[in-house]
Amino acid sequence: YNSDMTADAPKAHLTAAIWNWNVYYATAMQAAIDCAGDASKFVETMGSGAYYGGLKEGFVDASPLTANCAANTDKAIEAVRKLIVDGEWDVFSGVKLKITVTDGEATVEQEDAALMDNAGNEIVAAGGASVEDGVITGTMNYLVAGVEKA
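Residues numbered from 1 in each chain as written. Predicted model: local features only at pLDDT ≥ 70, side-chain atom pairs only at ≥ 80, totals over all residues. Heavy atoms only, no water.

Of all hydrophobic cores here, the largest spans six residues; its members are Val 23, Ala 28, Ala 31, Met 46, Tyr 51 and Phe 59. At three residues, the largest contribution of residues to this core is made by helix 1 (residues 21-35). Among residues more than four places away in sequence, those in contact with Val 23 are Tyr 51, Glu 57, Gly 58 and Phe 59. Membership of the second largest hydrophobic core comes to five residues, among which are Leu 115, Val 124, Val 131 and Tyr 142. (Core = buried A, V, L, I, M, F, W, Y, C linked by side-chain atoms within 4.5 Å. Buried < 20%, exposed > 50% of the residue type's maximum accessible area, 1.4 Å probe, protein only. Helix = DSSP H or I, 4+ residues; strand = E, 2+ residues; numbered from the N terminus. Contact = heavy atoms within 4.5 Å.)

This is the structure:
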């Protein structure tokens, strides 16, 4: 879970979401130093009672792709990663991506499309902004359309 699983299933594994805990630890240690022993300042410096670093901070990422992936998958991933890191796209918004890889180059088109849950309820209208942070940080109680419960 949240680590490179290539060694565990080399013929079946494509990639995995990974957490780079060193990013959190470095952030937390610096916050502890900066707060000079005041726990309330530590929580404030960390952004809340929980840490939610992302791609931009280097906390979350994807493990290296294996040979099991289609050619140019890395190009598509890098194009989407750039949009997320640059703040140009949010996976929980009412904007979907269409990715085309031609001659080893990835092209990403954004198109307005509602974010739906798997029961057909609209979560975010087409073109709408991302869901509230509270949903992402703990109150999300639905499955997004296209994601199936195992």
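Once that is clear, we can look at the environment of Ala 79. Relative to the helices and strands, Ala 79 is located in helix 3 (residues 73-85). Taking the C-alpha atoms as reference points, Ala 79 and Glu 105, separated by 26 residues in sequence, lie 9.2 Å from one another. Apart from residues no more than four positions distant in its own chain, Ala 79 is found in contact with Ala 106 and Val 108.

Here we come to the packing of helix 1 against helix 2 (residues 39-46). At a minimum axis distance of 9 Å, the contact between helix 1 and helix 2 shows a crossing angle of 140°. In terms of orientation, helix 1 and helix 2 fall into the oblique class. Between helix 1 and helix 2 lies a crossing of right-handed hand. Along its contact with helix 1, which presents Tyr 24, Thr 27, Ala 28, Ala 31, Ala 32 and Cys 35, the element helix 2 presents Lys 41, Phe 42, Thr 45 and Met 46. Its residues assigned to classes, the contact of helix 1 with helix 2 comprises seven nonpolar, two polar and one charged. (Axes fitted to C-alpha atoms, helices over the stretch in contact; angles between N-to-C directions. Parallel < 35°, antiparallel > 145°, perpendicular 65-115°, else oblique. Left-handed = near helix turned anticlockwise from the far one by under 90°. Nonpolar A, V, L, I, M, F, W, Y, C, P; charged D, E, K, R; others polar.)

That is the geometry; function is a separate question.
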